[in-house]
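Each chain is listed here by its residues.
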Amino acid sequence: MKDIEKQLPLILIDNVDFTYPNGTKALRNINLKIDNKELIGIMGKNGAGKTTLIRTLNGLIRPTNGAIYLYGENIASKSIATLSKKVGVIFQNPLHQLFSNSVKDEIEFSLKSFEFTKEEIQNKTNEILKEFNLEKYRNRSPLNLSGGEAKKLALASIICRDPDIIVFDEPTLGQDGREIEFLINLIKNKRKKGKTIIIVTHNIEFANEHIPRTILMADGLILADGPTEKVLGNQILVEKASLILPQTHQLNLALKKSGIQCPNDLFSKDKLINFIRDFIKNKTSEIVEGND
Amino acid sequence: MTLIEYKNFYYRYKGNEEYALNNINLKIEDNKFILLCGETGSGKTTLIRCMNGLIPQFYSGFYRGSVEVAGKDTTITAIADLSTEVGIVFQNPENQLVAMNVEHEIAFGLENLGIESGEISKKIKEVTKITEIEHLLNKAPFELSGGEQQRVAIASILVLEPKIIVLDEPTALLDPYMAKKIIELLKEIQIEKQITILISEHRLDLILPYADELILMKDGNLIEHDNSNKIINGINFQTLRLNKPVIYSIFNQLKEEKLFNQYIPASISKVINYLKGL
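This text gives an overview of the structure that appears in the document. Note that the structure is predicted; figures quoted are calculated from it, not measured. (Residues numbered from 1 in each chain as written. Chains lettered and ligands numbered in written order. Predicted model: local features only at pLDDT ≥ 70, side-chain atom pairs only at ≥ 80, totals over all residues.)

### What to know about helix α6 (residues 146-158) of chain B
Taking 1.5 Å per residue as the helical rise, α6 of chain B with its 13 residues ought to reach 18 Å, and the 18 Å between its terminal C-alpha atoms agrees with that figure. For α6 of chain B, a buried count of 13 out of 13 residues is recorded, marking the element as mostly surrounded by other parts of the structure. (Helix = DSSP H or I, 4+ residues; strand = E, 2+ residues; numbered from the N terminus. Expected span 1.5 Å × (residues − 1). Buried ≥ 20, exposed ≤ 12 C-beta atoms within 10 Å, placed from the backbone.)

### Some details on the packing of helix α4 (residues 102-112) of chain B against α6 of chain B
Residue and element names in this part refer to chain B. For the pair α4 and α6, the least separation of the axes is 8 Å and the interaxial angle reads 30 degrees. Taken as axis vectors, α4 and α6 run roughly parallel relative to one another. Both α4 and α6 take part in a crossing whose hand is right-handed. Packed against α4, whose contacting residues are Val102, Glu105, Ile106, Phe108 and Gly109, the element α6 presents Val152, Ala155 and Ser156 at the interface. (Axes fitted to C-alpha atoms, helices over the stretch in contact; angles between N-to-C directions. Parallel < 35°, antiparallel > 145°, perpendicular 65-115°, else oblique. Left-handed = near helix turned anticlockwise from the far one by under 90°. Contact = placed C-beta atoms within 7 Å.)

### Looking at the interface of chain A and chain B
By a widely used convention, the size of an interface equals the accessible area lost when the partners come together. The partner chain B presents 32 residues to the 38 residues of chain A that form the contact. Elements with a contribution of two residues or more to the side of chain A that touches chain B: α6 (147-159), α7 (177-192), α8 (204-210), α11 (247-257) and α12 (269-291) of chain A. When residues of the side of chain A that touches chain B are assigned to their parent elements, the largest contribution, nine residues, is made by α12 of chain A. A class-by-class count of the residues in the side of chain A that touches chain B yields 14 nonpolar, 13 polar and 11 charged. (Nonpolar A, V, L, I, M, F, W, Y, C, P; charged D, E, K, R; others polar.)

### A word on α6 of chain A
All names here are of chain A. With 13 residues, α6 should reach 18 Å at 1.5 Å per residue; the first-to-last C-alpha distance of 18 Å fits that figure. The set of residues buried in α6 consists of Glu149, Lys151, Lys152, Leu153, Ala154, Leu155, Ala156, Ser157, Ile158 and Ile159. Its buried side turned inward, α6 meets β6 (87-90), α4 (103-112) and α5 (118-131).

### Examining the environment of Leu111 of chain A
Residues and elements named next belong to chain A. In this structure, Leu111 sits in helix α4. The partly exposed category is assigned to Leu111, around which 19 C-beta atoms lie within 10 Å. In sequence terms Leu111 and Asp162 are 51 residues apart; their C-alpha atoms lie 9.9 Å from each other. Each residue touching Leu111, except ones within four places of it in the same chain, is listed here: Phe116, Ile121, Lys124, Thr125, Cys160 and Arg161.

### Some remarks on the sheet that holds β6 of chain A
Residues and elements named next belong to chain A. Pairing within the open sheet is mixed, and its six strands lie in the order β6-β7-β8-β3-β9-β10. A strand with exactly one partner marks an edge of an open sheet, and here the two such strands are β6 and β10 (221-227). For this sheet, the mean inter-axis angle between neighbouring strands, taken without regard to orientation, is 15 degrees. Summarising the sheet, strand β3 (residues 39-44) and strand β9 (residues 213-218) pair through five bridges and their orientation is parallel. Bridge assignment links Ile42 to a residue of β9, and that residue is Ile215. In this fold α7 packs onto β3, β7 (165-169) and β8 (196-200), with an angle of close to 150 degrees to the strand it touches most, β8. (Pairing = 2+ DSSP bridges.)

### Examining the pairing of β6 of chain A
Residues and elements named next belong to chain A. Burial along β6 is two-sided: the residues Val87 and Val89 and Gly88 and Ile90 are all buried. Pairing of β6 with β7 involves four bridges; the strand directions are parallel. Bridging from a neighbouring strand, Ile90 pairs with Phe168 of β7.

### With respect to the sheet that holds strand β6 (residues 86-89) of chain B
All names here are of chain B. With respect to topology, six strands assemble into an open sheet ordered β6-β7-β8-β3-β9-β10, the strand pairing being mixed. Each having just a single partner strand, β6 and β10 (221-227) make up the two edges of the open sheet. Mean inter-strand twist for the sheet, computed between neighbouring axes without regard to direction, equals 15 degrees. Contacts from α6 reach β6 and β7 (164-168), with the element oriented near 170 degrees to β6. Of the strands in this sheet, β3 (33-38) and β8 (196-200) are in contact with helix α7 (residues 176-193), which crosses β8 at around 155 degrees.

In structure tokens, the structure reads:
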């Protein structure tokens, strides 16, 4: 263990098992190292253990076996309140975490549990409502927000505390392009500020385009852990995790199958645009030459 | 044949100042696979709730204009009567499944219609075969996975033989593999039964290859309804902030660079056909 402590990864999950009281093994022998400032995706089918895994990070779930280290310190003896200062978890269903009378109260309540002065709370509340475009709903009940706005408020109520590690559970679920753009910009900003971000998602296209490292889970086990384009490009693993190949990978495969000569790694939108652009230009110049 | 017709229809929920639907004029025809899309809050779910009378009969609010289903006025026809014309499947099937086991769940609607038991068994056999849930008949709905529950919800609608099945984000809670399977299943059902299927869905990459028509909504207005090729290549689709498929983004960009001047392909096989044909 000393060696591991020397390396001091931000999060170290060491041989973690978790079994629910009814006997369901939700996590089996999980080993994971997450470095400071990483952006990491966790994917897999419903019931694979993804949500259980992120719940271990702020102490909502305590491992049955194994240990979790945050900045090299075992979190077993730390309270949820202490851990929540470092790890902010935004759950899938915002209604599970919103309960105040107004949007403003929701943010203030979230800040009050931490050691901020009254003035700081007011300033931070105003700042975050502005950043999240929620000012106009300041006095509205969270229950009267649309699904997208409620999701934003749940997010704001965690982000306002400025945790080092931000964990999202299905942030793109039911969100349209505009809301996903907002999320992408938020993630970019937080990464610039040195935050570590963990995202549980089913959204393959989102992961493929924006998340550099992906962990694939099935039946409580980690199936794969590596660069997203590689992990999501492995058809056998992807199907085992009840996912499908990203459209970029599907198109790359279809190009190869059709006999069109192309590189084997057209795994991003930009690479495909460049390839198809050159392909069209070549073909059209052939025609021009032919006419000559 | 027109199955559903909205005429100058406005709707506002009680307690809200803004209209959720503004002057909707829409005709839904038979034997089509239709995708309903728009940003969140654009009125998709409200539009769907009008199709079997839930609006205005169940939700309180104010309306103007009319919605007719198979010629029946939805404001006065009993929801149960309209349900034999239009079957609706909502996002979370758990809310819709009530019986002790799958067989009873599927039989429930038919029993209410007073159909005799031999006929019921025959129909159940047919729809469970199509939806591939024959092995689940004796299971309780809560024992099933999300994908299985969604199949049961679809089977219990399909068995009533409506002329139109409407699904409001049916794959939102499913993993991608299951989502793809469900959408492929719906397309098969649509072709085999020659009915209309209308789906509101955020995963455009999965559904665009199959859609005959698109309905675009924005801020409670129906801004375009046409065949899907035409809409995908139009300015409205381009400007709405939807989750557009990667192949759309690729060809949209090449179009802007004036390297491509045809219809943007809606599926990977169409991309390949285009490139091979150059």
